[in-house]
Amino acid sequence: MANEFSGKQAGQVDKSRLPRHIAIIMDGNGRWATRRGLPRTAGHKAGAETFRKIATYCKDLGIQYLTVYAFSTENWKRSETEVGAIMTLLKKYLLEAIDSMERDSIRLKFFGDMTPISPELRALAHETDEITEHLDRRDFQANICLNYGGRDEILRAVRRFAADCAAGTRKPEKLDDVAFSGYLDSAGIPDPELIIRPSGELRLSNFLLWQCAYSEFYFTDALWPDFDEAEIDRAIVAYQNRDRRFGGVK
Ligand code: FPP
């Protein structure tokens, strides 16, 4: 697939103009495994390692928020084995995070509807939430989208807003985009300036539908388990070379 850097080197990342928030659709784990004659679950295992590596890199670079799409509202259609393997990888990551996030100053949040998630995983997510609350809001924050869908997030927000209106604490005519953003899973977090999708697919797949209004998109053929620091540098440099006008003129 052609992008800004096909056949040429990316320039240097300008650390004074970093995006505050990068979001990534971690795609291509299954194909990565299949090409190696491995079960799809091996691709997710490798993908979880890539997430650790990229989160550390983003934190060290000075990115404040990294949001990753780990499991969508549609991913339940996959086999029980594959769903179970992803949940086990998340559990392993949460157990590690509980031990290390305070030391490393890493905040962790979940976006998505956690109701159908196992009580064990929800309890671990609750623990990481509590640790996050004690950390400084300026610390690096990773947001993991779990049982997440952009439409589902908007519907849950609308239901909560309607309930507040019915209770008399909100007025429909006072709703604006800032107030509505406060009902989303991403409340309080700036919209991602940059959304990255590896694996050659050119679609959003129900990811951050409200928040992506003015995001810059970066697509690359690399499969997520092969995604590395040089890839994220290329994506950031591409973002830094874009002309962002937000509907205005220059
Ligand atoms: C998409 O690739 C990937 C997923 C649906 C799962 C992502 C999960 C992880 C990386 C593991 C757990 C995450 C953390 C944060 C520890 P795909 O399976 O759709 O790939 P394909 O399109 O090649 O089949």
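Before going into details, it helps to say that this report is about the structure given with it. Just so we're clear, the structure is a prediction, and the values are computed from it rather than from any experiment.

Rules used in this analysis
Residues numbered from 1 in each chain as written. Predicted model: local features only at pLDDT ≥ 70, side-chain atom pairs only at ≥ 80, totals over all residues. Heavy atoms only, no water. Helix = DSSP H or I, 4+ residues; strand = E, 2+ residues; numbered from the N terminus. Rg over C-alpha atoms; globule rule 2.2 N^0.38 Å. Buried < 20%, exposed > 50% of the residue type's maximum accessible area, 1.4 Å probe, protein only. Contact = heavy atoms within 4.5 Å. Lys, Arg positive; Asp, Glu negative; His and termini not counted. Charge placed at Lys NZ, Arg CZ, Asp CG, Glu CD. Phe/Tyr/Trp six-rings, centres within 6.5 Å; stacked < 30°, edge-to-face > 60°. Axes fitted to C-alpha atoms, helices over the stretch in contact; angles between N-to-C directions. Parallel < 35°, antiparallel > 145°, perpendicular 65-115°, else oblique. Left-handed = near helix turned anticlockwise from the far one by under 90°. Nonpolar A, V, L, I, M, F, W, Y, C, P; charged D, E, K, R; others polar. Pairing = 2+ DSSP bridges. Near = heavy atom within 4 Å. Polar contact = N/O pair within 3.5 Å; in protein donor to acceptor, adjacent residues only side chain to side chain. Areas by Shrake-Rupley, 256 points an atom, 1.4 Å probe, with all protein chains shown as cover. 1 Å grid on protein atoms, 1.4 Å probe; cavity = no way out; pocket = protein on both sides within 12 Å on 5 of 7 lines; lining within 4 Å. Sits in = over half its atoms within 2 Å of the grid points. Points joined across faces, edges and corners; volume = space filled by probe spheres on them. Expected span 1.5 Å × (residues − 1). Arc of directions from axis to C-beta.

**Topic: the overall build of the chain**
Turning to step 1, where the next piece is worked out: Within the chain one finds seven helices and six strands.
Turning to step 2, where the next piece is worked out: Beginning at the N terminus, the succession of helices and strands in the chain can be written as β-α-α-β-α-β-α-β-α-α-β-β-α.
Turning to step 3, where the next piece is worked out: Against the 2.2 N^0.38 benchmark of 18 Å for 250 residues, the chain shows a C-alpha radius of gyration of 18 Å, consistent with a compact globule.
Turning to step 4, where the next piece is worked out: Taken over the C-alpha atoms alone, the chain extends approximately 60 × 50 × 35 Å along its principal axes.
Turning to step 5, where the next piece is worked out: A buried classification covers 48% of the 250 residues belonging to the chain.
Turning to step 6, where the next piece is worked out: Across the chain, the fraction of contacts at a sequence separation of at least 24, relative to all contacts at a separation of at least 6, is 78%.
Turning to step 7, where the next piece is worked out: Charge separation in the chain, taken as the distance between the mean sites of 36 positive and 38 negative side-chain charges, equals 3 Å.

**What about the packing of aromatic side chains?**
Turning to step 1, where the next piece is worked out: In this structure the tally under the stated criterion is 10 aromatic pairs.
Turning to step 2, where the next piece is worked out: Here a set of aromatic residues connected by ring pairs shows up, and it is made of Tyr-69, Tyr-148 and Phe-207.

**Remarks on the packing of helix 2 (residues 40-61) against helix 3 (residues 80-104)**
Turning to step 1, where the next piece is worked out: Orientation of helix 2 relative to helix 3, taken along the N-to-C sense of each, is 25°, at an axis distance of 10 Å. On the basis of the axis angle, helix 2 is roughly parallel to helix 3. The way helix 2 lies across helix 3 gives a crossing that is right-handed. Across the interface between the two elements, Arg-40, Thr-41, His-44, Lys-45, Ala-48, Phe-51, Arg-52 and Lys-59 of helix 2 pack against Thr-81, Glu-82, Ala-85, Ile-86, Leu-89, Lys-92, Tyr-93, Glu-96 and Asp-104 of helix 3.
Turning to step 2, where the next piece is worked out: For the contact of helix 2 with helix 3, the class distribution of residues is six nonpolar, three polar and eight charged.

**Remarks on the pairing of strand 4 (residues 140-148)**
Turning to step 1, where the next piece is worked out: When you tally the buried positions in strand 4, you get nine out of nine residues, the bulk of the element.
Turning to step 2, where the next piece is worked out: The pairing of strand 3 (residues 106-111) with strand 4 spans six bridges and is classified as parallel. Looking at strand 4, one finds that Leu-108 is bridged to Ala-142.

**With respect to the site of the ligand**
Turning to step 1, where the next piece is worked out: Near the ligand lie 17 residues; those nearest to it are Asp-27, Gly-30, Arg-31, Arg-40 and Arg-78.
Turning to step 2, where the next piece is worked out: Between the ligand and the protein, one listed contact pairs an oxygen atom with a side-chain N or O atom of Asp-27 at 3.1 Å.
Turning to step 3, where the next piece is worked out: Taking Gly-28, its main chain carries an N or O atom lying 3.3 Å from an oxygen atom of the ligand.
Turning to step 4, where the next piece is worked out: When the ligand sits alone it has 630 Å² of accessible area, and the protein chains cover 92% of it.
Turning to step 5, where the next piece is worked out: Mapping the ligand onto the cavity grids shows that it belongs to the largest pocket.
Turning to step 6, where the next piece is worked out: If you list the elements that add at least two residues to the shell around the ligand, you get helix 1 (29-35), helix 2 and helix 3.
Turning to step 7, where the next piece is worked out: The greatest single-element share of the shell around the ligand, amounting to five residues, is contributed by helix 2.

**What about unusual backbone geometry?**
Turning to step 1, where the next piece is worked out: Located in the positive-phi region is Leu-208, a residue other than glycine, with phi close to 45°.
Turning to step 2, where the next piece is worked out: Along the polypeptide, Leu-208 turns up in the loop between strand 5 (194-197) and strand 6 (216-219).
Turning to step 3, where the next piece is worked out: Relative accessible area serves as the criterion here: at 1%, Leu-208 is assigned to the buried category.
Turning to step 4, where the next piece is worked out: Of note, Phe-246 is a non-glycine position whose phi angle comes to about 50°, a positive value.

**Topic: the layout of surface pockets**
Turning to step 1, where the next piece is worked out: For the largest pocket, the calculated volume is near 670 Å³.
Turning to step 2, where the next piece is worked out: Looking at the largest pocket, it is lined by 30 residues, and the ones nearest its centre are Met-26, Asn-29, Tyr-69, Ala-70 and Asn-75.
Turning to step 3, where the next piece is worked out: Listed by contribution, the elements that provide at least two residues to the lining of the largest pocket are helix 1, helix 2, strand 2 (65-72) and helix 3.
Turning to step 4, where the next piece is worked out: Looking at the lining of the largest pocket residue by residue, the classes come out as 14 nonpolar, eight polar and eight charged.
Turning to step 5, where the next piece is worked out: Surrounding the second largest pocket, 14 residues form its lining, Thr-56, Tyr-93, Ser-100, Asp-104 and Ile-106 being those nearest its centre.
Turning to step 6, where the next piece is worked out: By residue number, the principal contributor to the lining of the second largest pocket is helix 3, which donates six residues.

**Thoughts on helix 5 (residues 150-166)**
Turning to step 1, where the next piece is worked out: Helix length check: helix 5 (17 residues) gives 24 Å between terminal C-alpha atoms against 24 Å at 1.5 Å per residue, within 8%.
Turning to step 2, where the next piece is worked out: Inspection of helix 5 places Gly-150, Glu-153, Arg-156, Ala-157 and Phe-161 among the buried residues, and these make up the whole buried set. In a view along the axis of helix 5, the buried residues occupy a sector of 135°, so they form one face of it. Across helix 5 from its buried face, at more than 90 degrees, point the exposed residues Arg-151, Arg-159 and Ala-166.
Turning to step 3, where the next piece is worked out: The inward-facing, buried residues of helix 5 abut strand 4 and helix 6 (177-181).
Turning to step 4, where the next piece is worked out: Downstream of helix 5 by a residue or two, Gly-168 has a phi angle that is positive, lying close to 85°.

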